[in-house]
Amino acid sequence: MVSIKDIANACGVSIATVSKALNNHKDVSESTKTMIRETAKKMGYLPNTQARALKTNRTYNLGVLFAERAESGLTHSYFAAVLNSFKNEAEANGYDITFISHKIGGNTLTYYEHCISRNVDGVMVANVDDYDDEGVSELLKSTVPTVTLDYRSDNNPAVISDNRNGIISLVNYVHEKGHRKIAYIYGDVSAVTKMRIESYREALIGLNIDVREDYLLKGKYHDPKTTEELASKLVRMSDPPTCIILPDDFSAIGALTAFEKLGMSVPEDISIVGYDGILLSQVLNPKLTTFRQDTDTLGMETARRLIALIKKEIEPDSEPVIVPGYLLEGYSVKDLNKI
């Protein structure tokens, strides 16, 4: 195995100079850095991460915890996009990523124990249904630097998508199109879902529209089958809604299937809007009106906050970062004002 000493001998410089060059220290000239790095590459040098961890007290390894009932994980386009942005920012800063689970080999561990076992420098907690879960709570209260996505946690920085204004903007949009009977199929119970339901109620009340509990149905995220059943139930009501807000864009497949089976079309017979703004929403027929979450900024900002927390550049109780999104207008909402 090639060592720093071997590179130093090949380059005719000191071991300290090689170390500084490989770690991009400012007191080594760019030409010397380039020469040393090219030599190291030709010789097949690989850094000893364990030795670096002992010296710097860091492993440059970030944990990622997904713990949701639907277990959609990386098949969920929204979270896959957020994680991709998180990964890109982490790698740009020299960090690797480890997924945190309950198991290593044949051993069952808590999330906290897994983090300690893998010696991660910090962890991003995302897409968690139950933050009161004993394992999640243990991690959030531990000394492991932690940043939460879409959840405000005591003494842990958070990065939050603006779910409140997302739902309000959708309700206001369909209201401007003349709709007054607006239903909402919401997803699995979580902090995000609670915020969206509250915002739905707030938006209707602000528009002097009565909140009808029969228009508010519990569904599931990323589940077209459940959405199909609930959308069918809504349009079969004696006094059906004219527009349905869906849990997410992927679930729109289920709603469209339900309407097709009933001989109905969107938006002529029923209007729908989605949430997330994933690519699928823009290739559906008709193109879906939805609220686009800024996944690039969400992932990048979460990585930046976590690295800053690890470096002690921000405090654990720092204010959450709110990331705005924007409405994407499609062709899935009928303009009732023109009737």
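Nothing here was measured: the structure is a model prediction, and the numbers come from that model. (Residues numbered from 1 in each chain as written. Predicted model: local features only at pLDDT ≥ 70, side-chain atom pairs only at ≥ 80, totals over all residues. Heavy atoms only, no water.)

S.K.: I would appreciate a short explanation of helix H8 (residues 163-176) in the present structure.
M.R.: Given 3.6 residues per turn, any residue in an α-helix points the same way as the ones three and four places further on. For H8, built from 14 residues, the straight-helix expectation of 20 Å at 1.5 Å per residue is met to within 8% by its first-to-last C-alpha distance of 20 Å. Glycine 178 lies just past H8 and shows a positive phi near 95 degrees. (Helix = DSSP H or I, 4+ residues; strand = E, 2+ residues; numbered from the N terminus. Expected span 1.5 Å × (residues − 1).)

S.K.: I would appreciate a short explanation of the pattern of salt bridges in the present structure.
M.R.: Any two side chains of opposite charge can pair if their charged atoms end up close together. One pass over the full model with this rule turns up 11 salt bridges. Across the pair aspartate 27 and lysine 20 runs a salt bridge, and its minimum N-O distance is 3.0 Å. Among the residues examined, lysine 20 registers a relative accessible area of 30% and is labelled partly exposed. Close ionic contact of glutamate 89 with arginine 304 constitutes a salt bridge, the shortest N to O distance being 3.2 Å. Taken together, the residues glutamate 89 in helix H5 (residues 77-92) and arginine 304 in helix H12 (residues 295-310) connect sequence positions 215 residues apart. On the basis of relative accessible area, glutamate 89 is assigned to the buried category, the value being 14%. By relative accessible area, arginine 304 is classed as partly exposed at 39%. Ionic contacts of the salt-bridge type, sharing partners, join the residues Lys181, Arg212, Asp214 and Asp239 into one network. (Salt bridge = Lys/Arg side-chain N within 4 Å of Asp/Glu carboxyl O. Buried < 20%, exposed > 50% of the residue type's maximum accessible area, 1.4 Å probe, protein only.)

S.K.: I would appreciate a short explanation of the layout of surface pockets in the present structure.
M.R.: What the second largest pocket holds in volume is close to 440 Å³. Residues of the lining of the second largest pocket, tallied by class, amount to eight nonpolar, seven polar and five charged. (1 Å grid on protein atoms, 1.4 Å probe; cavity = no way out; pocket = protein on both sides within 12 Å on 5 of 7 lines; lining within 4 Å. Points joined across faces, edges and corners; volume = space filled by probe spheres on them. Nonpolar A, V, L, I, M, F, W, Y, C, P; charged D, E, K, R; others polar.)

S.K.: How do you make sense of the sheet that holds strand S11 (residues 271-273) when you look at a structure like this?
M.R.: Across the sheet, four strands lie side by side as S9-S8-S10-S11; this open sheet has parallel pairing. Whereas interior strands pair on both sides, the edge strands pair on one side only; in this sheet they are strand S9 (216-218) and S11. Direction aside, neighbouring strands of the sheet carry axes that sit 20 degrees apart on average. Sitting on the sheet, helix H9 (residues 191-206) touches strand S8 (182-186), S9 and strand S10 (243-245), and the angle it makes with S8 is about 175 degrees. (Pairing = 2+ DSSP bridges. Axes fitted to C-alpha atoms, helices over the stretch in contact; angles between N-to-C directions. Contact = heavy atoms within 4.5 Å.)

S.K.: When you look at the packing of helix H2 (residues 15-22) against helix H3 (residues 30-42) in this model, what are you seeing that I'm missing?
M.R.: To describe two helices that pack against each other, one gives the angle between their axes and the distance between the axes. Where H2 meets H3, the axes come as close as 9 Å, and the angle between the chain directions of the two elements is 90 degrees. Taken together, the axes of H2 and H3 are roughly perpendicular relative to one another. Only Thr32, Lys33, Ile36, Arg37 and Ala40 of H3 make contact with H2, whose side of the interface consists of Thr17, Val18, Ala21 and Leu22. Its residues assigned to classes, the contact of H2 with H3 shows five nonpolar, two polar and two charged. (Parallel < 35°, antiparallel > 145°, perpendicular 65-115°, else oblique.)

S.K.: Is there a simple way to explain the pairing of strand S1 (residues 61-66) in this structure?
M.R.: Residues in a regular strand point their side chains to alternate faces of the sheet. In terms of burial, S1 is largely enclosed, as six of its six residues are buried. As defined by bridge partners, S1 adjoins strand S2 (residues 96-99) across four bridges and the pair is classed as parallel. Note that in S2 the partner of glycine 63 across the bridge is threonine 98. As paired elements, S1 and strand S5 (residues 122-126) share five bridges and run parallel to each other. By the bridge assignment, leucine 62 is partnered in S5 with glycine 122.

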